[in-house]
Amino acid sequence: MINYLLLVFAAILLAVNFCINKLYQKQAGTSLKAGFFFSALSGFCSAIIFFALNGFRASFSVYSIVMVICQSVLSMSYTLLGFRILKDSSMALYTLFLMTGGMTIPYLWGLLFLDEPFSWLRTAGLVVLICAVALSNVSKQRPGMKQLLMCVGVFVLNGFVSVVSKLHQIQTGYPTISTTEFVMYNGVVSFLIAGTAFLICKRKERKQTQEETSCVKKHVILPLIVVSAVIGGVSYMIQLFGATNLPATVLYPFLTGGSMICSTLAGIVIFREKPPKSVVISVCLCFVGTLMFL
């Protein structure tokens, strides 16, 4: 029971983090430079916080570092795509593709490569999820081809983030680092990669006018990034803990249903979003689909 309570908490934290990303996007925009800055500073804060939580100690594992690098690249890629998606679409649509990808791909991976048990009910749930995603694109407000391709990219990238997390947590053939250290190194790698990309973007960027520069409220942006680092890190630690104790066919569906419902409600209540009826129905179908996995 404690595992499921922790997952509910992780799902709520995920929804809160989506809201923070949306607020940051409203303040800083959706450019690559803004996205890289967010990833770099968030990674730096996360590394410092979890280094302290680990007692200012850090062990090392080649296998873990390789997995951290893979996951950081995948995570930053879908984060940058998410910035572009949220510019023109609702949190409901973004969360729909993000979380269903984070559930569907590890579910199939678990069946094909981890010898997790097959279930007709869970397979039916997967079909419901696929139908829900298809339904989200039949309204007059459906995303354009470019927007849809970005959504598919988010679906695939987040799916493989979940696969990497699971593979690291169940690895027994190589020495691995602790959950806290994994989050810490993830922050370090994100800071290095995104920070380098940010400096490259800044160097290539044309000089902005004073009016363009002043529209970015740094006193608002910096606290948002720090809070996002803390919330994202805690949520991710809980997910890693769950990956150790629960099969992928249960863990990720549970996170998916909870975070989609919470994020959609947050978008409607906090940002006054009005997602199309087809998207709302899709989210409800996804929730039903996730129940079929439990």
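Every chain's residues receive numbers from 1 upward, in the order its sequence appears when written. Reporting in this predicted model follows two pLDDT cut-offs: at least 70 for local features of residues, and 80 or more for side-chain atom pairs to be given and counted; totals over whole chains, interfaces and linings ignore these cut-offs and use all residues. The side-chain figures draw on all heavy atoms in the structure; neither hydrogens nor water molecules are used.

## Here's the deal with the overall build of the protein
Under the scheme used here, helices are H or I runs from DSSP no shorter than 4 residues and strands are E runs no shorter than 2 residues, and both carry numbers assigned from the N terminus. A tally of helices and strands in the protein yields 11 helices and zero strands. Out of the 294 residues in the protein, the part that is buried amounts to 53%. It only takes one pair of heavy atoms within 4.5 Å for two residues to be counted as in contact. For the protein, contacts bridging at least 24 residues in sequence account for 90% of all contacts bridging at least 6. Each accessible area value is a Shrake-Rupley result obtained with a 1.4 Å probe; residue values ignore everything except the protein chains displayed when judging cover. Total accessible area on the protein stands at roughly 14300 Å², and carbon and sulfur atoms take up 70% of it. To sort residues, take the accessible area from a 1.4 Å probe on protein chains only and compare it with the maximum for the residue type: under 20% means buried, over 50% means exposed, and anything in between is partly exposed.

## Notes on unusual backbone geometry
Unlike most non-glycine residues, Phe 56 shows phi in positive territory, near 55°. Among the structural elements, Phe 56 can be located in the loop between α2 (32–53) and α3 (62–88). Take Phe 56: its relative accessible area is 58%, and that puts it in the exposed class. In this structure, Asp 115 is a non-glycine residue whose phi angle is positive, near 55°.

## As for the nonpolar core
Counting 51 residues, the largest nonpolar core has Tyr 78, Tyr 94, Leu 98, Phe 182, Leu 251 and Tyr 252 as its most contacted members. Not counting residues within four places of it along the chain, the set of residues in contact with Phe 182 comprises Ser 64, Met 67, Val 68, Gln 71, His 168, Ile 177, Tyr 236 and Leu 240. We call a set of buried residues a nonpolar core when its members are Ala, Val, Leu, Ile, Met, Phe, Trp, Tyr or Cys and they connect through side-chain atoms within 4.5 Å of each other.

## Re the packing of α2 against helix α7 (residues 179–204)
Axis lines are fitted to C-alpha atoms, over the contacting stretch for helices. Their N-to-C directions set the angle, which ranges from 0 to 180 degrees. Remark: α2 packs on α7, axes separated minimally by 7 Å, with the N-to-C direction vectors making an angle of 150°. Judged by the angle between their axes, α2 and α7 are roughly antiparallel. The hand of the α2/α7 crossing is left-handed. Residues are sorted three ways: Asp, Glu, Lys and Arg are charged, Ala, Val, Leu, Ile, Met, Phe, Trp, Tyr, Cys and Pro are nonpolar, and all the rest, Gly among them, are polar. Grouping the amino acids of the contact of α2 with α7 by side-chain chemistry returns 17 nonpolar, seven polar and two charged. Orientation categories follow fixed angle ranges, with anything under 35 degrees roughly parallel, anything over 145 roughly antiparallel, 65 to 115 roughly perpendicular, and all other angles oblique. If you view the pair so one helix is near and one far, a crossing is left-handed when the near helix is turned anticlockwise from the far one by less than a right angle, and right-handed when it is turned clockwise.

## Quick look at the side chain of Gln 147
By the element assignment, Gln 147 lies in helix α6 (residues 145–170). Among all residues touching Gln 147, those that are not within four sequence positions of it are Arg 84, Ile 85, Asp 88 and Ser 89.

## A few points about the packing of α3 against α6
At a minimum axis separation of 9 Å, α3 and α6 run at an interaxial angle of 155°. On the basis of their axis angle, the class for α3 and α6 is roughly antiparallel. When you trace α3 past α6, the crossing you get is left-handed. Class assignment of the residues belonging to the contact of α3 with α6 gives a composition of 14 nonpolar, 10 polar and two charged.

## Remarks on α2
Counted at 1.5 Å a residue, the expected span for α2 with its 22 residues is 32 Å, and the 31 Å between its end C-alpha atoms agrees. Looking only at α2, the buried set comprises Ala 34, Gly 35, Phe 36, Phe 38, Ser 39, Ala 40, Ser 42, Gly 43, Cys 45, Ser 46, Ala 47 and Phe 50. Of the residues one or two after α2, Gly 55 is the one with positive phi, at around 75°. Between the first and last residue of a helix there are one fewer steps than residues, each counted as 1.5 Å, and that sum is the expected span.

## A short note on a nonpolar patch on the surface
Taken together, Phe 44, Ile 48, Ile 69, Val 73, Val 188, Phe 191, Leu 192 and Ile 193 make up a surface patch of nonpolar side chains, about 640 Å² in accessible area. Secondary structure elements with two or more residues in the nonpolar patch: α2, α3 and α7. Considering each element in turn, the nonpolar patch owes the most residues, four residues, to α7. Inspection of the secondary structure assignment puts Phe 44 in helix α2. Two joining distances apply to patches: 9 Å for like charges and 5 Å for nonpolar side chains (Val, Leu, Ile, Met, Phe, Trp, Tyr), and every residue must have over 30% relative accessible area and no salt bridge. For this document, the term salt bridge refers to a Lys or Arg side-chain nitrogen within 4 Å of an Asp or Glu carboxyl oxygen.

## Side note on the confidence of the model for the protein
The quantity called pLDDT is the predictor's confidence in a given residue, expressed from 0 to 100. Confidence in the prediction of the protein, expressed as mean pLDDT, is 81, and 89% of residues score 70 or more. Looking across the protein, the model is least confident in helix α8 (residues 210–214), with a mean pLDDT of 42, and most confident in α7, with 90. Counting contacts from residues 209–215, a segment whose pLDDT is below 50, to residues more than four positions away or on other chains yields two contacts.

## Re the packing of aromatic side chains
Stacked, tilted and edge-to-face are the three classes applied to pairs of Phe, Tyr and Trp rings, where Trp contributes its six-membered ring and a pair requires centres within 6.5 Å; stacked means planes under 30 degrees apart, edge-to-face means over 60, and tilted covers the rest. Under the defined criterion, the tally for this structure stands at nine aromatic pairs. Judged by centre distance (4.8 Å) and plane angle (55°), the rings of Tyr 24 and Phe 38 are tilted. Of this pair, Tyr 24 sits in helix α1 (residues 2–28) while Phe 38 sits in helix α2, and the two are 14 residues apart along the sequence. The burial state of Tyr 24 is the same as that of Phe 38; both residues are buried. The interplanar angle of 85° and the centroid separation of 5.1 Å between the aromatic rings of Phe 118 and Trp 120 together place this pair among those described as edge-to-face. Through a chain of ring-to-ring contacts, three or more aromatic side chains come together here, namely Trp 109, Phe 113 and Phe 160.

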